[in-house]
Amino acid sequence: MYSSLREFVTFLEGRGQLRRITAPVSVELEITEITDRVSKGPAEKNVALLFENVTGYEMPVLTNAFGSARRMAWALGVEELDELGHRLARLLSLDMPRTLGEKLRKAGDLLGVFRATQPKRVKDAACQEVICRDSPSLSELPILKCWPEDGGRYITLPAVITRRPGTGRRNVGMYRLQVFDERTLGMHWQIHKGGAEHQHDAERLGQERIPVAVALGGDPAITWAASAPMPPDIDELLLAGWLRGRPVELVPCVSQPLEVPADADIVIEGYVDPTERRIEGPFGDHTGYYSLPDEYPVMHVTAITRRESPIYPATVVGRPPMEDYWMGKVTERLFLPLIRIFQPEVVDINMPAEGVFHNLVIVSIHKRYPGQARKVMYGLWGLGLMMLSKAFLIVDDDVNVHDLSEVAWRVSNNVDWRRDIVIVDGPVDALDHASPQPNYGGKIGIDATRKGPADGHSRPWPRDIVMTEAVRRLVDSRWEEYGL
Ligand SMILES: Cc1cc2nc3c(=O)[nH]c(=O)nc-3n(C[C@H](O)[C@H](O)[C@H](O)COP(=O)(O)O)c2cc1C
Ligand SMILES: [Mn+2]
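Keep in mind that this is a model prediction, so the values were computed, not measured.

What counts as what
- Residues numbered from 1 in each chain as written.
- Chains lettered and ligands numbered in written order.
- Predicted model: local features only at pLDDT ≥ 70, side-chain atom pairs only at ≥ 80, totals over all residues.
- Heavy atoms only, no water.
- Pairing = 2+ DSSP bridges.
- Helix = DSSP H or I, 4+ residues; strand = E, 2+ residues; numbered from the N terminus.
- Axes fitted to C-alpha atoms, helices over the stretch in contact; angles between N-to-C directions.
- Contact = heavy atoms within 4.5 Å.
- Salt bridge = Lys/Arg side-chain N within 4 Å of Asp/Glu carboxyl O.
- Buried < 20%, exposed > 50% of the residue type's maximum accessible area, 1.4 Å probe, protein only.

### A short note on the pairing of strand E25 (residues 440–447)
Sheet analysis places strand E23 (residues 391–396) next to E25, joined by four bridges and oriented parallel. Following the sheet pairing, Phe392 is matched in E25 by Gly445. Strand direction decides the pairing type here: strand E24 (residues 421–427) and E25, joined by seven bridges, are antiparallel. By the bridge assignment for E25, Ile423 is matched with Ile444.

### Considerations on the sheet that holds E24
Within the open sheet, the five strands sit side by side as E21-E22-E23-E25-E24. Their pairing is mixed. The open sheet has two free edges, formed respectively by strand E21 (346–350) and E24, since each of these has just one partner strand. The mean angle between the axes of side-by-side strands here comes to 20°, regardless of whether they run parallel or antiparallel. Sheet strands touched by helix H11 (residues 404–414): E21, strand E22 (361–365), E23 and E25. Its angle to E23, the strand with the most contacts, is close to 85°.

### Some thoughts on the pattern of salt bridges
Following the criterion strictly, the structure yields 37 salt bridges and no others. For Arg306, the salt bridge identified is with Glu140, shortest N-O distance 3.0 Å. Here Arg306, found in strand E19 (residues 298–306), pairs with Glu140, found in the loop between strand E5 (130–132) and strand E6 (154–155); they are 166 residues apart in sequence, far enough to count as distant. Residue classification places Arg306 among the buried residues on the basis of a relative accessible area of 16%. For the salt bridge of Arg450 with Asp396, the shortest nitrogen-to-oxygen distance reads 3.7 Å. Of the two residues, Arg450 is situated in the loop between E25 and helix H12 (469–482) and Asp396 in strand E23; the sequence distance between them amounts to 54 residues. Residue Arg450 is classed as partly exposed on the basis of its relative accessible area, which comes to 36%. Through salt bridges that share partners, Asp82, Lys329, Glu332, Arg333 and Asp348 make up one connected network.

Below is the structure:
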């Protein structure tokens, strides 16, 4: 865990994974082009970038800090992303307890773990070293205009904190914010997300304002947790606390009835009027397309607080692979053990960069009975934000889902295109531009598992071609002789 974003920057620099750029650069497009080249460039050149001389601004801008498997893992205090999934699986102890007593004990352990990671209140906060309450202005923040046809400048790496009207349950989500003017932001929480649910509740209950706090920077574990699809009403700060191995420290906002991470670099406080809408977008999005302009709520800024010398964190999304791919990879690795609680036949999952999370999900399963691939699809289509998956490819457990060449080979061989596909209608991602109407469209599931008599497949299923062990050893031992 890091006590500040600056500490993470220092850590990355020590590992040769951060470059400081002292040449003057513009927030308009230039930082995007540099970041895009670096994040898609050769692995040894793909480093985090700290722009120290941003024309017109005091603060440095940090991009691409999460832009590789290694840096993303370090941000969460581990060396490999898989460690997180293993840690969680151990915690859940997937060799499920059998007796009621064991189950209760296990539940108690879990509660204990979560209680130990409950956020705690502190008095002094680095994020309030400087307080602008009388005339807060977004104009001091080096907010990027990312792509040429963007509707404006956007805050791209925020942790947006709200409480559910009525119950007060906290949600932290990463939703981009468009700058309309010095004190007004577009709030891009999509209809399926926690913030939008709070807005819906506020409207229903007639609550006139939803207090909002936007935290930028601080411990990167908190930033990442904002992007995690936790079930509704489960505080993402618990997850951040568990990742850090220490509770997130919170302080009360200066102008809203909310609390924010004390170690944040910058906090924007304000409120959303649940009935107000304004056109947001277009925005060069993580799908690689400009997302279409649409009506979204508006955030009115009531205060900005910050560290004395903050770092402004940003990400640039666009045609994959980019930094957000690695943020999504953590989700994939960490949520796999959770998915296996409900779908125990699931062996592994891959959401390839080209599928931008919701467009393509490859799942390997341990299949025992007919229709099991379909059962897994239907189950996953009903599980949290997996509901937005536009295509499921289900393969057998001997297929390496991370090897796209193997997946393409297995799928195209194994599928009978009349028998093995399922086409359904349902919710699709707000960014999906192919569905005839917004947020609702067609999805496909492909059962590429091997079929047998139980599946009504009476023909024999062929075997994989594999050389005998004896001949392989022979050729290994004589390889030099062949002169190859
Ligand atoms: C870099 C980045 C930007 C994102 N931007 C948005 C956004 O503008 N709107 C949105 O609804 N989700 C966005 N997401 C996805 C959400 O953060 C994600 O679905 C998360 O689970 C939302 O939290 P919630 O489940 O508490 O609503 C973004 C994710 C990342 C990594
Ligand atoms: Mn949430």
